[in-house]
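Tertiary structure, described
One letter stands for each residue in the lines below.
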Protein chains: 4
Amino acid sequence: MLNRGGMKETQRAMKEILDHLNGVPEKLNDKQVDDLINILLSAKRVFVVGAGRSGLVAKAFAMRLMHLNMDVYVIGETITPSLQEGDVLVAVSGSGETDLIVESARIAKKVGTKIVAITSYPKSSLAKLARHAILLPGRREVAFTSAFMKRELIGEYASLAPLGTLFEATALLFLDSVVASLMVKLGRKEEELRARHATIE
Amino acid sequence: MLNRGGMKETQRAMKEILDHLNGVPEKLNDKQVDDLINILLSAKRVFVVGAGRSGLVAKAFAMRLMHLNMDVYVIGETITPSLQEGDVLVAVSGSGETDLIVESARIAKKVGTKIVAITSYPKSSLAKLARHAILLPGRREVAFTSAFMKRELIGEYASLAPLGTLFEATALLFLDSVVASLMVKLGRKEEELRARHATIE
Amino acid sequence: MLNRGGMKETQRAMKEILDHLNGVPEKLNDKQVDDLINILLSAKRVFVVGAGRSGLVAKAFAMRLMHLNMDVYVIGETITPSLQEGDVLVAVSGSGETDLIVESARIAKKVGTKIVAITSYPKSSLAKLARHAILLPGRREVAFTSAFMKRELIGEYASLAPLGTLFEATALLFLDSVVASLMVKLGRKEEELRARHATIE
Amino acid sequence: MLNRGGMKETQRAMKEILDHLNGVPEKLNDKQVDDLINILLSAKRVFVVGAGRSGLVAKAFAMRLMHLNMDVYVIGETITPSLQEGDVLVAVSGSGETDLIVESARIAKKVGTKIVAITSYPKSSLAKLARHAILLPGRREVAFTSAFMKRELIGEYASLAPLGTLFEATALLFLDSVVASLMVKLGRKEEELRARHATIE
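A short tour of the structure in this document, coming up. Here, residues in each chain are numbered from 1, in the same order as that chain's written sequence. Chains carry letters from A onward and ligands carry numbers from 1 onward, assigned in written order. Whole-chain, interface and lining totals are the exception, using all residues; otherwise, since this is a predicted model, local features are given only for residues with pLDDT of at least 70 and side-chain atom pairs are given and counted only at 80 or more. The side-chain numbers reported here are obtained from all heavy atoms of the structure, hydrogens and water having been left aside.

1. A look at the overall build of chain A
For chain A, the helix and strand inventory stands at 10 helices and five strands. Remark: exposure states derive from per-residue accessible area (1.4 Å probe, protein chains only) relative to the maximum for the residue type, with buried under 20%, exposed over 50%, and partly exposed in between. Across the 201 residues that make up chain A, the buried fraction comes to 63%. Residue exposure ignores everything except the shown protein chains as possible cover, and the areas themselves are Shrake-Rupley values with a 1.4 Å probe. Surface summary for chain A: the accessible area is close to 7900 Å², and the carbon and sulfur share equals 50%. Every helix listed is a DSSP run of H or I at least four residues long, and every strand listed is a run of E at least two residues long, numbered separately from the N terminus.

2. Here we look at the interface of chain B and chain D
Listed per partner, the contact involves five residues of chain B and five residues of chain D. Put simply, buried area is how much 1.4 Å-probe accessible surface two parts lose in total, over both of them, once they are put together. Here chain B packs against chain D, burying approximately 520 Å² in sum over the two surfaces, 72% of which is carbon and sulfur. When residues of chain B are sorted by the area they lose upon contact with chain D, Asp99, Leu100 and Glu103 of chain B head the list and together hold 67% of the total. Any Lys or Arg side-chain nitrogen located within 4 Å of an Asp or Glu carboxyl oxygen qualifies as a salt bridge. Along the contact surface separating chain B from chain D lie zero salt bridges. The contact definition used throughout considers only heavy atoms, calling two residues in contact when any of these lie within 4.5 Å.

3. Thoughts on the packing of helix H1 (residues 6-22) of chain A against helix H3 (residues 30-42) of chain B
Axis lines are fitted to C-alpha atoms, over the contacting stretch for helices. Their N-to-C directions set the angle, which ranges from 0 to 180 degrees. Two elements in contact, H1 of chain A and H3 of chain B, have axes separated by 8 Å at closest approach and are oriented at 105 degrees. Classified by the angle between their axes, H1 of chain A and H3 of chain B sit roughly perpendicular to one another. The residues of H3 of chain B that touch H1 of chain A, namely those facing Gly6, Met7 and Thr10 of chain A, are Asp30, Val33, Asp34 and Ile37 of chain B. Class assignment for the residues of the contact of H1 of chain A with H3 of chain B results in three nonpolar, two polar and two charged. Roughly parallel means an angle under 35 degrees; roughly antiparallel means over 145; roughly perpendicular covers 65 to 115; every other angle is labelled oblique. Each residue is assigned to one class: nonpolar for Ala, Val, Leu, Ile, Met, Phe, Trp, Tyr, Cys and Pro, charged for Asp, Glu, Lys and Arg, and polar for all the others, Gly among them.

4. Overview of the relation of the copies chain D and chain C
The copies were overlaid by least squares, fitting only the C-alpha atoms of residues that reach a pLDDT of 70 or more in each copy. Once turned by 180 degrees and shifted 0.0 Å along the axis, chain D lies on chain C with an RMSD of 0.0 Å. Accordingly, the operation relating the two chain copies is best matched by a two-fold axis. Ranked by how close their C-alpha atoms come to the rotation axis, the residues of chain D are headed by Leu56 of chain D, at 2.9 Å. Of the residues that chain D buries at the interface, 100% are likewise interface residues in chain C, meaning the two copies contact each other through the same surface.

5. Some words on the relation of the copies chain B and chain D
Superposition of chain B onto chain D requires a rotation of 180 degrees combined with a translation of 0.0 Å along the rotation axis, giving an RMSD of 0.0 Å. Interface overlap between copies: 100% of the residues of chain B at the interface are likewise at the interface in chain D, consistent with a symmetric, same-surface contact.

6. Re the sheet that holds strand E4 (residues 114-119) of chain C
Residues and elements named next belong to chain C. When DSSP finds at least two bridges between two strands, those strands are taken to pair. The five strands are arranged E2-E1-E3-E4-E5 in an open sheet whose pairing can be described as parallel. Looking along the sheet, the strands with just one partner apiece sit at the ends: strand E2 (72-74) and strand E5 (132-135). Between one strand and the next, the sheet's axes are offset by a mean angle of 20 degrees, whatever the strand orientation. Bridge count between strand E1 (residues 46-50) and strand E3 (residues 88-92): five bridges; the pairing is parallel. Paired with Val46 across the bridge in E3 is Val88.

7. Quick word on the interface of chain D and chain C
Listed as interface residues are 66 residues of chain D and, on the opposing side, 67 residues of chain C. A combined buried area of about 5800 Å² lies between chain D and chain C, and 65% of that area is made up of carbon and sulfur atoms. The largest contributions to the chain D side of the interface with chain C come from Arg53, Leu163 and Glu201 of chain D, which together make up 13% of the buried area. The interface formed by chain D and chain C contains six salt bridges. With a shortest N-O distance of 3.4 Å, Arg64 of chain D and Glu168 of chain C are connected by a salt bridge. Pairs of N or O atoms are called polar contacts if they sit within 3.5 Å, as long as, within protein, a hydrogen donor faces a hydrogen acceptor (for residues adjacent in sequence, only side-chain-to-side-chain pairs). Linking chain D with chain C are 27 residue pairs in polar contact (both at pLDDT 80 or more), by the criterion used here.

Given below as C-alpha cells:
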C-alpha cells in the first residue's frame, strides 16, 4: 500500500498540536507555577513518577534536574531509595486517575512526602492527594475554551491527537520551561549542564 | 531562597520553545515524511532506539505504534527479539553522533535491517548509515534560518532551552504527527487505540 | 581502608546462599509446578510483573519466554498492550504484599486475567488474589525447617543474605528450571533460542 | 496440550544449575575477589552496565549497593550522570564480547574510569579493557573442569541451562556474596539496608 499525501495529515496533526501548545502559556496559573518552582528549589530530594507516556515525560524532566545538579530519582528505577522527610514527589498524570500513580502518591503521602500533581483535572484523585497541583490543559480544556467548536469537530480533532497526546506534549513543554526557570534561579550555565550529561550513551 | 517571578522565565522559555516548534512544519521535507510513512507501513516490524531524552521520545513513538497494532520493539527492553529481514530500525539522535546509537545502527545494518535516522544533521554518522534520514530542526537550524539573530541572542536563547531540548520537543511533535498520519492511512479509530492501551498502569 | 579477608565473608555468604538453594528442590510442590507449566503452555499471552529485585527476576524469566517464542510482555515496559481474555499474569513477590504488585494483580483480575503468584507466603494478599500460587522458600522457610538453628544463628545468617536475597536467588533458579521444562515440552532447541536472542546489545 | 511430568525436567534442570553453582566457590580467585572489594570500597562512585540478563544481574547488584548507601548508578537509566575521575565501572558480560558493553567500557576508559569486568573469558575484549577482571565460571568452564563429561553429555546439559543461564546465576550468587562482604566491611546492619529500600513499589 503506497502512501500518497501522508504529509498532508502529518502537517494537519502538527498544526493541531501546535494550536493547543500555543494556547498553553495563557492558561497557566502564575501562582501555581511560582509555587512549583519554590517547592523544587527547597526540596531535599525530588522523586518523579508517571505511567506510560506521562512517565516518559516525567523521566525527561528528572534527567534535566540531574543536569542541574539536583538530587532526583525516578520511582521504579534501580537505585531509587526510600522517601524521607523533606522529599518531594512530582506525579504526572493527565487524568489524575492512573491507578498505580495514585497508589504511589498515597504511599508517599503516608510517609510525609510532599506531593505535587501535574494533571489536567483539579478534582482528580491525584490532585486531591497533592499539596500542590499544576493544572495543564489537555484535550478537554481545548474543547471547553472554544465555544464555537462543535462536538463533531472535536471528534475529528481528537482523532489526530489521540489519547493523552495533547497533555503529554503540554507537560513536556511546561516542564522544560520550568527547567529553564530553575537554571536562571540557580545560576546554572548550559556548560554546567553539559558537564553532567551522561558520558556513556 | 524564595522564588520571585519564576513564572517570568517559565513563560519566556515556553515562548522560545514554541517559536521553534511553530517553525517546524515549513522546514519539513515532504518527500522525507512520505517516505517515512511508507517505510513504516510496509515494515514487517519496527524497532526504535535512542539514548537519553531522545530515547524517551523514541519510546513515546513506539508506544503509539503498539496502540496502532503495529509490531514494534524498543532496543534494550526485556522482550526485544533478534532483527530479521524486513525489519526497520528507527534511530533517534539529534546530533546523529550518539555513540551507542550509531553502534546499534551499525549492527542492525550488518544484518540487513533498514535504518531510518531521525536527526538534525544530514552528514552525521547516523544519517550516513541510514537508508532514510528525516531531518528535524534542532538548535543550530533555528540560528541558521534566522538571519537577524545575533550570536549573543542565540547564546541567551540557548540557555533557556539547553542541550537537546529543541530537538527533543521537535521529535515528539513530529512523531506524534506521523502517528496521526498512520491512523488515517490504517483507518484506525481512537477507540481502537484506547482498547490496546496498557491495562495496568 | 584496605580490605583484608574480604574473600572470607564472600565465601561464607556464597555457601549460605547455596545451602538455601540446595534445599529448594525438595521443598517444591510437584502439583504446583506441573500446574504452572500447563498454565504457561496454554496461555494466549504471558505478562510478568514484579518490583525491585523480584521485578528483575521476572524480567529475566520473560526474556527466556521470548527466546522460546512465546508471546510475553513486562508490565511497565513501553510496548505492553492491554490485557485480554486468556492472558496470564505472573506476579513475583517474596512477601506477597508489595503494594504496586498486589494492586496490579487486582486490576488484572478485574478484567478476567488469570493470576499466578510466585511468592513465599501462601496467605499473602497476592497469593489470595491468585488462581495459582507457587510457594518458594525464602528466608523464613529456611529457619522454619531447621529445628536446630537458633534464633541468634538465623540472625547472623540473615545478615549475609539481607532482605529478599534468598527468595530472589530461589526465584531465578526455579524460573530458569521452568524454562528448561518448557523447552523440552515445546521441543525447542537451544539454537532456536539463540536465533531469537536480541541482535543489538 | 497437557503437561505430564513437567516437574521432572524442572527438577533435573534445577539440579544441573545447582551442580554448577556448587562448584563456583572453589573456582574463584581469592585475590581477584579481594581486589574487587577494595576497588568498590575505595570508589568515589560505582557505575554498573550490562545487557540482557547480565544487565538485570548488574541492576540487582546496583540496588544492593544503594541499600548499602554507596553512590551507584546504572548506565542507561534516567538520572545517571557523567563519569568523573575516581569512578568505577562494573561491566557484566559472560562472553566479554557484548557489543554495546565493550563499547561502553571503551568510552569509560577514555575518560579515565577504572573498569572492572565480570566475565567468563580472560581474553575477551572486555577483560582486556578492564583494570581488573573477575573470572566467573560459565558453561564452558564446567565442561572444561569435568574430564569425564563427554561432548554429548555437555550438549544435553546445555539444553537445560541454555545460553548464558549458568553465567547469570553465577554472577547473581557471586555479587550477592560480595554485597555480604561489603556489609561486614562497612559495618552495615540489615536494618540500615531496609531503611533505604524503596518506599514505593
